[in-house]
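# Inside the fold
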Amino acid sequence: MTTAAQKSRAVLFIIHHSSFRIDVITTVSTATSPSITYKVPRRRHPLLQFVVQQPLGAAGLAVIVIMAVCAVFAPWVAPYDPLTVDYAMMLAAPSWEHWLGTDSFGRDVLSRIIYGARTALAVGFLASFIGSTVGAIIGVVSAYFGGRIDLFIQRVLDVLLSFPIIVLAITVVAVLGKNLVLGVDINLVIAIGLPMMPKVARVVRASALAIRELPYIDAARTAGFSDARIIFRHMAPNVVAPYLIMVTAFVAQAILAEASLSFLGLGVTEPTASWGLMLSGAAADFYQQAPWMIVFPGIAISMAVFAFNLFGDSLRDWLDPKIKL
Amino acid sequence: MLRYMINRLLLMLPTLFGVAVLVFVLLRLAPGDPVQMMLEGANVSQQVVEAERARLGLDRPLYVQFTKWFGALLNGDFGVSIWTGRPVLYEIGIRLELSLQVAIMAALLAVMIAVPLGTLSAVFKDTWVDHLVRVISIAGLAVPSFWLGMIIILFLLTYFSWIPPLTFTPFFEDPWKNLSQLIWPAVAVGYRYSAVAMRMMRSSVLEVLQEDYVRTARAKGVHERLVVARHAMRNALLPVVTVVGLEFAFLIGGLVVTEQVFNLNGIGKLFVQAVARGDYTMIQGLVLLVAVFFVMINFAIDLLYAFLDPRIRYR
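Quick summary incoming for the structure in this document. (Residues numbered from 1 in each chain as written. Chains lettered and ligands numbered in written order. Predicted model: local features only at pLDDT ≥ 70, side-chain atom pairs only at ≥ 80, totals over all residues. Heavy atoms only, no water.)

## Quick word on empty space enclosed by the protein
Across all of its chains, the model carries 2 cavities of 30 Å³ or more by this definition. In this structure, the largest cavity encloses a volume near 50 Å³. Looking at the largest cavity, the residues that line it are V167 of chain A together with I252, V256, I267, F271, L286, V287 and V290 of chain B. Counting only elements with at least two residues in the lining of the largest cavity, the list comes to α10 (224-261), α11 (267-277) and α12 (280-308) of chain B. The leading source of residues in the lining of the largest cavity is α12 of chain B, at 3 residues. Of the residues assigned to the lining of the largest cavity, the class counts are 8 nonpolar, no polar and no charged. Approximately 40 Å³ is the volume attributed to the second largest cavity. Contributing to the lining of the second largest cavity are L160, L161, F163, I165, L168, P195 and K199 of chain A together with F250 of chain B. Of all elements in the fold, only α6 (147-161) and α7 (165-176) of chain A reach the threshold of two or more residues within the lining of the second largest cavity. (1 Å grid on protein atoms, 1.4 Å probe; cavity = no way out; pocket = protein on both sides within 12 Å on 5 of 7 lines; lining within 4 Å. Points joined across faces, edges and corners; volume = space filled by probe spheres on them. Helix = DSSP H or I, 4+ residues; strand = E, 2+ residues; numbered from the N terminus. Nonpolar A, V, L, I, M, F, W, Y, C, P; charged D, E, K, R; others polar.)

Structure, rendered in structure tokens:
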């Protein structure tokens, strides 16, 4: 027989017990200043959360967005056509007419920088995306199968990793030549993306190795799912964090690589506007008289890389601080 | 330890063999023909081209070419440059001193800048010192070294009317002249290099400062300066060593472009020229040497690790 007192004690116990968790959260605020009510954290939009928690990263993102807008709407943003040669205005200093001056062909430097953003972003994004995606798939596959397959893939990656990025990229460019698809040199993209692939594969493999041991992979295997399904549906989604981080980090590297290759005359070729290209050729001969010819494109490269680095770093801190690149 | 070393050395062989195969096959897939390229504009008959190809052995099947090249390689013979007709190793040898010197100077500069600044940044975390150092290092990662080189030349030209000399003066011939020539490319390359190391130093010191032995040292009443210099910095150097070593191997990449800017006739320039000329043997030799260099440095870093940190034991 249960008495009323027993009942109420039991109820009290339950209340006490269930309120325990709330207690832990609210003690501090209620104990120090009981008048302040405890605020339940609202779920904010992830983008807003990112902006608040990572102001520097948000600044980087802002620069990237501005660059992307300039690149997409280049014909409307740029004051001049980037290819129009104007011999009357050769090597003109920055003025109201030409904000950043003109080059040795009388072409407007600002317009060429704006159009150059197209090249830089297109090549940068594509190279990083392709390199990272292929790398991530290889990394997950390598971790999933393990054993000999893993060992073999790792040795192949070792081979690719023993080239400096630019050396491998130059060799590939020399081999593949040019291949324009929709105005983008797809072979250049491959040449820049290839050296990134093994690095992403390494990092993703490490993450995937830990996932492979988790019960839900065993469960999926027991359920008789195919290897492909487990790899793409169960493992891949869980390595998205390192993948995203590496994609952004490598965009910066890809932009640098594109600039370097174009500077060497092995990347984008005249008359297409590219920041690296603007620093080479005639610029080398004239830059004492017309320093604006090299100063501004270099600033453009630096700012783009800076923005992507900033954004990438913050993204890492935000998503998963443990990942080391 | 010895077993570990032998194991590691043996593991290098398949990697290097892979590099050799990869470069060889990649180049043979290239659409350009080095002989055509070399004789371009010389208006020679097809017969001459064929004869030249036969002389260079380019008309043989791929595997024959490869075995011949690789066999010679095992005897330390890197072959003869298709373009200049001189041995590949000779061409590399006369330029190696310059590139290596710039690389070493850049590495020294980087370490000299990165270690103290990275430590300062960590010790004064979240103060203006830290912010300043971080801005310097993030900027260092963003500025392309060849552009920095151009800006340096522009600056020197404008204010000191200094132009990059056309010829290289070896260090032992005239150290002063040599240093004044190579210090600027070293700065241009070293800035980026130091930025990488600086970031590593900062995060590494921050990590070490959380360790128990640092707390113990502080609790013992050791002066904070000594805690940082003796306990934190020494232990924090380990990952920095890795980064500096790895970056050193990759420095050759940075030099490829920067040497063009400073008109230095080094390995980097040789590589770009070889690619532009389709000089197969030269590209193969250079890439392979870079890879050997890289793999050896990796190996050296691992050994250095054990030396610097007695807790690490290899089996």
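Picking up after the structure, the text goes on.
## Remarks on the packing of helix α5 (residues 88-123) of chain B against helix α6 (residues 128-142) of chain B
Residue and element names in this part refer to chain B. Where α5 contacts α6, the two axes come as close as 7 Å, and the packing angle between them is 135 degrees. Considered as vectors, α5 and α6 are oriented oblique to each other. The crossing of α5 and α6 is left-handed. Only V129, D130, V133 and R134 of α6 make contact with α5, whose side of the interface consists of L117, L120 and S121. Residue composition of the contact of α5 with α6, grouped by class: 4 nonpolar, 1 polar and 2 charged. (Axes fitted to C-alpha atoms, helices over the stretch in contact; angles between N-to-C directions. Parallel < 35°, antiparallel > 145°, perpendicular 65-115°, else oblique. Left-handed = near helix turned anticlockwise from the far one by under 90°. Contact = heavy atoms within 4.5 Å.)

## Section: the interface of chain B and chain A
As a measure of interface size, the accessible area lost when the parts come together is often cited. Between chain B and chain A, the contact holds 43 residues from the first and 37 residues from the second. Across the chain B/chain A interface, buried area totals approximately 3500 Å², and carbon plus sulfur atoms make up 81% of it. The largest share of the area that chain B buries against chain A comes from F146, W147 and M150 of chain B, three residues that together contribute 16% of it. One can count 1 salt bridge joining chain B with chain A. Across the salt bridge formed by R199 of chain B and D313 of chain A, the nearest N and O atoms sit 3.1 Å from each other. Summed over the shared surface of chain B and chain A, the result is 2 residue pairs in polar contact (both at pLDDT 80 or more). Elements with a minimum of two residues in the side of chain B that touches chain A: α1 (2-29), α6, α7 (145-160), α8 (175-208), α10, α11 and α12 of chain B. Top contributing element to the side of chain B that touches chain A by residue count: α1 of chain B, with 9 residues. (Buried area = accessible area lost by both parts, 1.4 Å probe. Salt bridge = Lys/Arg side-chain N within 4 Å of Asp/Glu carboxyl O. Polar contact = N/O pair within 3.5 Å; in protein donor to acceptor, adjacent residues only side chain to side chain.)

Read these as spatial facts, not as claims about activity.
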